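Here are the chains, one letter per residue:
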Amino acid sequence: MLLSATRYPILMYHQIRPLPPPSDRLRGLSVAPDAFRRQMTLFRRLGYRGLSVRELQPYLRGERSGKVFGISFDDGFVNVLTHAMPVLDELGFTATCYFVAGRFGGENDWDADADTARSPLMTCDDMLAWRDHGHEIGSHTLDHIALPHVPTYVSDFQLTESKRQLEVLSGQRVESFCYPYGNQDARVRDQVAAAGYGNATTTRRGCADASNDPFLLPRIPVAGGVGALRLLFKCARWQVRRRG
Ligand SMILES: [Zn+2]
């Protein structure tokens, strides 16, 4: 088996769309639709099953083992629904999308300073379609805030209110959280746990296993036009790498 059955990659995607020009600062956070399809198809062909972060938890706790990996999408872009979901459904994979609860139907206006064209975010109905296809709804705060940089009462509100709103809208428990910009510290980590989430992902690179704090899970970023085989070897490399 190429990938180990005790440490699991959680892939981190943002947008699935034709790659923007090299001048676009967020090009590296986009993966072309055909590249995404090839990546998922290769994993499937080798017998691996993609799971939402919630469904991956028993594997991370060491209660289960198998040929699985995690799939996550940050921010809730419409292009995830149009380009990624059909591929996931076809292959029988599930995934987690981290929604910015205060921005349904809006745009990634938090990237206003970045040299990038804005992209539309899913509407509430889009989010319900994502749920109805068996995928997980995670929280990415209300306003895509860098949590360690705001007072405690603000970060607490962003964590609890986004969870509450997503649960009311979806009728499901929201267990998974993702730190905007990967920004976290000990205070925020404890606030996420206290808000009732079961896990949280970061932008720290690596594979996850039972030794990880479930509120500080590392991920493998998937950038630009990376080939499917290269991505697989990248995951395998991170699995054997010792944590620093
Ligand atoms: Zn984000």
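Bear in mind the structure is a predicted one, so any value in this text is a computation, not a measurement. Within each chain, residue numbers correspond to sequence positions counted from 1 in written order. With pLDDT at 70 or above as the cut-off, local features in this predicted model cover only qualifying residues; side-chain atom pairs require 80 or more to be listed or tallied, and sums for whole chains, interfaces and linings still use all residues. For side-chain calculations, the full set of non-hydrogen atoms in the structure is used, while hydrogens and water are omitted.

(A) View of the packing of helix H3 (residues 78–91) against helix H4 (residues 124–132). Running from amino to carboxyl end, H3 crosses H4 at an angle of 15°, the nearest separation of the two axes being 11 Å. In this view, H3 runs roughly parallel relative to H4, as classed from their interaxial angle. Our pair here, H3 against H4, has a crossing hand that is left-handed. Seen from H3, the contacting residues are Val 78, Val 80, Leu 81, Met 85 and Leu 88; seen from H4, they are Asp 126, Ala 129 and Trp 130. Grouping the constituent residues of the contact of H3 with H4 by class yields seven nonpolar, no polar and one charged. Angles here are taken between N-to-C directions and fall from 0 to 180 degrees, while the axes themselves are lines fitted to C-alpha atoms, restricted in helices to the stretch in contact. Labels follow the DSSP assignment, with helices taken as runs of H or I lasting at least four residues and strands as runs of E lasting at least two, numbered in each case from the N terminus. If an angle is under 35 degrees, it is roughly parallel; if it is over 145, roughly antiparallel; if it lies from 65 to 115, roughly perpendicular; otherwise it is oblique. In this scheme the crossing of two helices becomes right-handed for a clockwise turn of the near helix relative to the far one and left-handed for an anticlockwise turn of less than a right angle. Contacts: residue pairs with any heavy atoms within 4.5 Å of one another. Three residue categories are used. Nonpolar comprises Ala, Val, Leu, Ile, Met, Phe, Trp, Tyr, Cys and Pro, charged comprises Asp, Glu, Lys and Arg, and polar comprises the others, including Gly.

(B) Local environment of the nonpolar core. Residues enter a nonpolar core if they are buried and are Ala, Val, Leu, Ile, Met, Phe, Trp, Tyr or Cys, with the set joined through side-chain atoms within 4.5 Å. Think of it in three bands: with a 1.4 Å probe and only protein chains considered, a residue is buried below 20% of the maximum accessible area for its type, exposed above 50%, and partly exposed in between. Counting 57 residues, the largest nonpolar core has Tyr 13, Phe 36, Met 40, Phe 73 and Trp 130 as the members making the most contacts within it. Sort the elements by how many residues they give to this core and H3 lands first, with seven residues. Core analysis: the next-biggest nonpolar cluster, separate from the first, contains 12 residues, Tyr 98, Cys 178, Ala 208 and Leu 217 among them.

(C) Region of the structure containing the coordination of the zinc ion. Every protein donor of the zinc ion is listed here as Asp 75 (OD), His 140 (NE2) and His 144 (NE2), and their distances to the metal cover 2.1 to 2.2 Å. In terms of primary sequence, the donors binding the zinc ion are separated according to D-x64-H-x3-H. Of this pair, Asp 75 sits in strand E5 (residues 68–75) while His 144 sits in the loop between strand E7 (136–139) and helix H5 (152–170), and the two are 69 residues apart along the sequence. Here Asp 75 and His 144 have matching classes, each one buried. Coordinating N, O and S atoms are those within 2.8 Å of the metal (3.2 Å for Na, K and Ca), and as water is not part of the atoms, a site may appear to have fewer donors than expected.

(D) Up close: the layout of surface pockets. Approximately 460 Å³ is the volume found for the largest pocket. Where the lining of the largest pocket is concerned, the elements lending two or more residues are strand E1 (10–13), E5 and strand E9 (199–205). For the lining of the largest pocket, the class distribution of residues is 13 nonpolar, eight polar and six charged. Buried and open spaces are told apart on a 1 Å grid over the protein atoms alone, a cavity being a set of points where a 1.4 Å probe fits but cannot get out and a pocket being an open set with protein on both sides within 12 Å along at least five of seven lines. Residues with an atom within 4 Å of a point are the lining residues. Grid points are joined across faces, edges and corners, and a volume is the space filled by probe spheres set on the points.

(E) Representation of the pairing of E7 in the model. Side-chain alternation along E7 places Glu 136 and Gly 138 on one buried face and Ile 137 and Ser 139 on a second face that is also buried. In this sheet, E7 lies alongside strand E6 (residues 96–99) in parallel orientation, the contact comprising four bridges. Bridging across to E7, Tyr 98 finds its partner in Gly 138. Strand pairing is defined by DSSP finding a minimum of two bridges between the two strands.

(F) Fine view of the packing of aromatic side chains. Whether two aromatic rings pair depends on their centres lying within 6.5 Å, for rings of Phe, Tyr and Trp, where Trp uses its six-membered ring; planes under 30 degrees apart make the pair stacked, over 60 edge-to-face, and the rest tilted. A complete count under the given rule lists 11 aromatic pairs for this structure. Ring geometry for Tyr 13 versus Phe 36: centroids 5.1 Å apart, planes at 80°, classification edge-to-face. On the criterion of sequence distance, the pair formed by Tyr 13 in strand E1 and Phe 36 in helix H1 (residues 33–45) is long-range, its members being 23 residues apart. The two residues Tyr 13 and Phe 36 agree in class, both being buried. Taken together, the ring pairs connect Tyr 13, Phe 36, Phe 73 and Trp 130 into an aromatic cluster. The side chain of Lys 67 reaches across the aromatic face of Tyr 48, ending 4.8 Å from its centre. Any Lys NZ or Arg CZ found within 6 Å of a ring centre and within 35 degrees of that ring's normal is scored as a charge over the ring. One residue, Lys 163, lies across the ring of Tyr 197, its end atom 5.6 Å from the ring centre.

(G) Fine view of empty space enclosed by the protein. Tallied over the full model, the rule gives one cavity of 30 Å³ or more. Volume-wise, the largest cavity comes out at about 30 Å³. Around the largest cavity, the lining residues are Asp 75, Gly 76, Phe 99, Val 100, Arg 103, Phe 104, Leu 121 and Met 122.

(H) Main features of unusual backbone geometry. Even without glycine at this site, Thr 141 takes up a positive phi of about 75°. Taking the relative accessible area as the measure of exposure, Thr 141 reaches 0% and is therefore buried. The backbone phi angle of Tyr 181 is positive, close to 60°, even though this residue is not glycine. Looking at where Tyr 181 falls in the secondary structure, it is placed in the loop between strand E8 (176–178) and helix H6 (186–194).

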